[in-house]
Amino acid sequence: MMEKSMPVQTPILTVRDLSATFPDNNGGLQALERVSFEVCPREFVAVIGPSGSGKSTLLRIVAGLLPPTRGEVNFLHLQQPKIGMVFQQSNLMPWRTVIQNIQLPLELEGLDQNLLEAKARELIELVGLQGFERNWPRELSGGMAQRVAIARALIHDPDLLLLDEPFGSLDALTRERMWTELSRIWQARQKTVILVTHSISESLFLADRVLVLTARPGRLKLDLKVDLPRPRADEMRYTAHFGKLARKLKEAIE
């Protein structure tokens, strides 16, 4: 008997032949060179590589914040894709409370206040910040502030969530706790995600695939499928298979 083949998913995003060069006094600094890949709906993709390999540039081009020098980014079947973005710093407005910061994207769209409140409270529960709705950003830890930033990025139900080293400024223990939190949030919402990180362990713990970029100019060197079961527990990082995947990524980066 023939095995049933899995249905082929149509990508939500295609990046084709993407290059980026920034003008300088020496003929231009090339950040990316002919990068191509696809991302399917509900897929979690991580991008790693050496410092200066163009990871954040790639994310900003996908977000529409920077134009590419050549190549294209296409959102299939989405005329005006909704994109949520979280940066290394939470960038919360200090004069707004937790719930007010989370509400901001929908507030700008002029939504009804009762609907804003309901959606924000739903996300506060999702990211585990019940009881902190009326706190000010200065009263939050770094990890809590990033939870607010993630909730704010999710409130308008984005088609694509972009994460640019969101835990890079946190201490090691908080960072690892946030991996578990983000994995739980992704499991609950099943958003399409692209994460930029310097951490091999972070990329493997969170992602379905890891893209490795070379040193500048960044080219796609490896597209690694992460065949680890979900949901993922912290103990998984100490398994032999996790170590094997980590060695593949380390070799590709070096």
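Since we're looking at a predicted model, the values are computed, not measured.

Caption draft 1: Representation of the overall build of the protein chain. Secondary structure assignment for the protein chain yields seven helices and nine strands. Computed over its C-alpha atoms, the radius of gyration of the protein chain comes to 19 Å, within 12% of the 18 Å expected for a compact globule of 254 residues. Taking the principal axes of the C-alpha coordinates as reference, the protein chain spans close to 55 × 45 × 40 Å. Residues counted as buried form 49% of the 254 residues belonging to the protein chain. Of the contacts made within the protein chain by residues no fewer than 6 positions apart, 70% connect residues no fewer than 24 positions apart.

Caption draft 2: Representation of the packing of aromatic side chains. Per the counting criterion, the structure on display carries two aromatic pairs. When the centroid spacing of 6.3 Å and the interplanar angle of 65° are considered together, the rings of Phe 44 and Trp 186 count as edge-to-face. Of this pair, Phe 44 sits in strand S3 (residues 44-48) while Trp 186 sits in helix H5 (residues 172-189), and the two are 142 residues apart along the sequence. Judged by relative accessible area, which is 0%, Phe 44 ranks as buried. Considering the side-chain rings of Trp 179 and Phe 205, the 6.4 Å spacing of their centres and the 35° angle between planes classify their relative orientation as tilted. In this pair, Trp 179 sits in helix H5 while Phe 205 sits in helix H6 (residues 200-206), placing the two residues 26 residues apart along the sequence.

Caption draft 3: Quick peek at the pattern of salt bridges. Counting across every chain of the model gives 20 salt bridges. Linking Arg 189 and Glu 122 is a salt bridge whose minimum nitrogen-to-oxygen distance equals 2.8 Å. Of this pair, Arg 189 sits in helix H5 while Glu 122 sits in helix H3 (residues 113-126); the two residues are 67 residues apart in sequence, bridging distant segments of the chain. The class of Arg 189 is partly exposed, set by a relative accessible area of 27%. The exposure class of Glu 122 is partly exposed, given its relative accessible area of 46%. When the shortest N-O distance is used, the salt bridge between Lys 191 and Asp 157 registers 2.3 Å. Separated by 34 residues along the polypeptide, Lys 191 in the loop between H5 and strand S7 (193-196) and Asp 157 in the loop between helix H4 (142-154) and strand S6 (160-164) bring together distant segments of the chain. Residue Lys 191 is classed as buried on the basis of its relative accessible area, which comes to 13%. Three or more residues joined by partner-sharing salt bridges are found here, namely Glu 117, Arg 121, Glu 133 and Arg 134.

Caption draft 4: Region of the structure containing the sheet that holds S7. Read across the open sheet, the six strands follow the order S5-S6-S7-S3-S8-S9; overall the sheet is mixed. Whereas interior strands pair on both sides, the edge strands pair on one side only; in this sheet they are strand S5 (83-86) and strand S9 (220-225). Taking the axes of each pair of neighbouring strands and ignoring which way they run, one obtains an average angle of 15° across the sheet. Where S3 and strand S8 (residues 209-213) come together, four bridges link them in parallel fashion. Bridging across to S8, Ile 48 finds its partner in Val 212. Across the face of the sheet, H4 comes into contact with S5 and S6 while running at roughly 170° to S5.

Analysis parameters
- Residues numbered from 1 in each chain as written.
- Predicted model: local features only at pLDDT ≥ 70, side-chain atom pairs only at ≥ 80, totals over all residues.
- Heavy atoms only, no water.
- Helix = DSSP H or I, 4+ residues; strand = E, 2+ residues; numbered from the N terminus.
- Rg over C-alpha atoms; globule rule 2.2 N^0.38 Å.
- Buried < 20%, exposed > 50% of the residue type's maximum accessible area, 1.4 Å probe, protein only.
- Contact = heavy atoms within 4.5 Å.
- Phe/Tyr/Trp six-rings, centres within 6.5 Å; stacked < 30°, edge-to-face > 60°.
- Salt bridge = Lys/Arg side-chain N within 4 Å of Asp/Glu carboxyl O.
- Pairing = 2+ DSSP bridges.
- Axes fitted to C-alpha atoms, helices over the stretch in contact; angles between N-to-C directions.

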